[in-house]
Amino acid sequence: MELALLYSGGKDSSLAALLLDTFYDVTLVTAHFGVTDDWKYAKDAALELDYQFETLELDRDVAEAAAARMVNDGYPRNGIQQVHEHALESVCEMGFDAVADGTRRDDRVPSISRAQAQSLEDRHGVDYLSPLSGFGRGAVDRLVESHLEVETGPSEEIPKADYEGELRNLIAAEHGPEAVDEVFPDHVQSYVHGRR
């Protein structure tokens, strides 16, 4: 069976790929809005891990609405959730048997409820999988440490292809760089360079 995994090039989505490839033909799919070419980081990571890779361009209006919401809220949570749900809906339309993401049990955002997962499956005729949903942060970190070569650091310094980079770019263009600092708290990101 063919599965599309929403992929950022980070440790969580990379570990999800490793867990799923025993059972599925995994294609890593990076969803983007065409704001930057950050998707290339995910492509490089996918090649290092030896997975098929595709990109999916999303509706830019969704990114702009999410960025505006983040600025209004003063934090990224609701905007990131909005973008992730749009990305899942879009990847469900690509014709794969199953779709997955790298969300973990302890993630506050993005997260997909049981009702949302069932709705995706019913409306699109696909299986939705979240292979890390039973794994806490410590378990994920230990598995990643033993199976992947990972670079970590401050979000604004680590190459990545998640939604954040493009959303930061949109916010900076519309409201200035200081708005980006007000919306996004300091946090650590990861980028995978290959398998151990």
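The paragraphs below set out a description of the structure included in this document. Numbering of residues starts from 1 in every chain and runs along the sequence as written. The predicted origin of the model limits local features to residues at a pLDDT of at least 70 and limits the giving and counting of side-chain atom pairs to 80 or more, whereas totals for whole chains, interfaces and linings rest on all residues. For side-chain calculations, the full set of non-hydrogen atoms in the structure is used, while hydrogens and water are omitted.

Looking at the overall build of the chain
Under the DSSP-based scheme used, a helix requires at least four consecutive residues in state H or I and a strand at least two consecutive residues in state E, with every element numbered from the N terminus. Within the chain one finds eight helices and seven strands. Counting only C-alpha atoms and orienting by the principal axes, one finds that the chain spans roughly 45 × 40 × 30 Å. Only protein chains enter the calculation, and the probe is 1.4 Å; a residue is then buried if its accessible area is under 20% of its type maximum, exposed if over 50%, and partly exposed in between. Across the 196 residues in the chain, those meeting the buried criterion constitute 50%. Total accessible area on the chain stands at roughly 9600 Å², and carbon and sulfur atoms take up 43% of it. Considering the chain, the positive charge centre built from 17 side chains and the negative charge centre built from 39 side chains are found 6 Å apart. Computed with the Shrake-Rupley method and a 1.4 Å probe, the accessible areas treat only the protein chains shown as cover for residues. By the counting scheme adopted, Arg and Lys are positive, Glu and Asp are negative, and His together with the chain ends is not counted. Just so you know, the charge point we use is NZ for Lys, CZ for Arg, CG for Asp and CD for Glu.

Here's the deal with the sheet that holds strand β1 (residues 2-6)
Here five strands make up an open sheet; going across it, the order is β3-β2-β1-β4-β5 and the pairing parallel. Single-partner strands in this sheet number two, and they are β3 (52-57) and β5 (127-129). Adjacent strand axes in the sheet meet at a mean angle of 25°, parallel and antiparallel pairs treated alike. Strands were regarded as paired on the criterion that DSSP finds at least two bridges between them. Pairing geometry for β1 and strand β2 (residues 25-32), over five bridges, is parallel. If you follow Glu 2 over to β2, its bridge partner there is Asp 25. Between N-to-C directions, angles span 0 to 180 degrees; the directions come from axes that are lines fitted to C-alpha atoms, helices contributing only their stretch in contact.

Re the packing of aromatic side chains
Classification of ring pairs rests on two measures: the distance between centres of Phe, Tyr or Trp rings, Trp counted by its six-membered ring, which must be within 6.5 Å, and the angle between planes, read as stacked under 30 degrees, edge-to-face over 60 and tilted in between. A complete count under the given rule lists one aromatic pair for this structure. Consider the rings of Tyr 41 and Tyr 191, whose centres lie 6.3 Å apart with planes at 80°: the pair is edge-to-face. A residue pair is termed long-range when its members are at least 10 positions apart, and Tyr 41 in helix α2 (residues 39-49) and Tyr 191 in strand β7 (residues 188-195) qualify at 150 residues. Two conditions define a charge located above a ring, namely a distance within 6 Å from the ring centre to NZ of Lys or CZ of Arg, and an angle within 35 degrees of the ring normal. Between the NZ or CZ atom of Arg 168 and the centre of the ring of Phe 184, over which it lies, the distance is 4.7 Å.

Section: the pairing of β3
As paired strands, β2 and β3 are joined by six bridges and run parallel to one another. Of the residues in β3, the one forming a bridge with Thr 27 is Gln 52. For crossovers, right-handed means that the path from the first strand over the helix to the second runs clockwise, given strands pointing away from the viewer. Where the polypeptide runs from β2 across α2 and back to β3, its parallel neighbour, the crossover connection is right-handed.

Regarding the side chain of Asp 12
Following the sequence through the fold, Asp 12 ends up in helix α1 (residues 11-20). In this description, contact between two residues means that some pair of their heavy atoms is separated by no more than 4.5 Å. Beyond its immediate sequence surroundings of up to four residues, Asp 12 is in contact with Gly 102, Arg 104, Leu 132 and Val 140.

A word on the pattern of salt bridges
Put simply, a salt bridge is a Lys or Arg side-chain nitrogen that is within 4 Å of an Asp or Glu carboxyl oxygen. This structure, assessed with the given rule, holds ten salt bridges. For Arg 105, the salt bridge identified is with Asp 106, shortest N-O distance 3.1 Å. Where salt bridges share partners, they join Asp 12, Arg 104 and Asp 107 into one cluster.

Quick look at the nonpolar core
Take the buried residues of types Ala, Val, Leu, Ile, Met, Phe, Trp, Tyr and Cys, join any two whose side-chain atoms come within 4.5 Å, and each joined set is a nonpolar core. Within the largest apolar cluster, 34 residues are counted, with the highest numbers of intra-cluster contacts made by Val 91, Leu 167 and Ile 171. Listing elements by their share of this core, those giving two or more residues are β1, β2, α3 (60-73), α4 (77-92), α5 (114-124), α7 (163-175) and α8 (177-183). The greatest single-element share of this core, amounting to six residues, is contributed by α4. One finds Tyr 7, Ala 16, Leu 18 and Val 192 within the second-largest nonpolar core, a separate group that totals 27 residues.

Quick notes on unusual backbone geometry
Residues Val 109 and Pro 110 are joined by a peptide bond in cis, for which omega reads -10°. Despite not being glycine, Asp 50 has its phi angle at roughly 65°, a positive value.

Examining the packing of α1 against helix α6 (residues 137-147)
Contact geometry of α1 with α6 gives a least axis separation of 10 Å together with a crossing angle of 75°. The orientation of α1 with respect to α6, classified from their angle, is roughly perpendicular. Taking contact as the criterion, the partners of Lys 11, Asp 12, Leu 15 and Leu 18 in α1 are, on α6, Val 140, Asp 141, Leu 143, Val 144 and His 147. Partitioned by chemical class, the residues of the contact of α1 with α6 number five nonpolar, one polar and three charged. Small angles under 35 degrees read as roughly parallel and large ones over 145 as roughly antiparallel, with 65 to 115 read as roughly perpendicular and the rest as oblique. Put simply, Ala, Val, Leu, Ile, Met, Phe, Trp, Tyr, Cys and Pro go in the nonpolar bin, Asp, Glu, Lys and Arg in the charged bin, and everything else, Gly too, in the polar bin.

The values reported here are purely geometric and, on their own, carry no functional implication.
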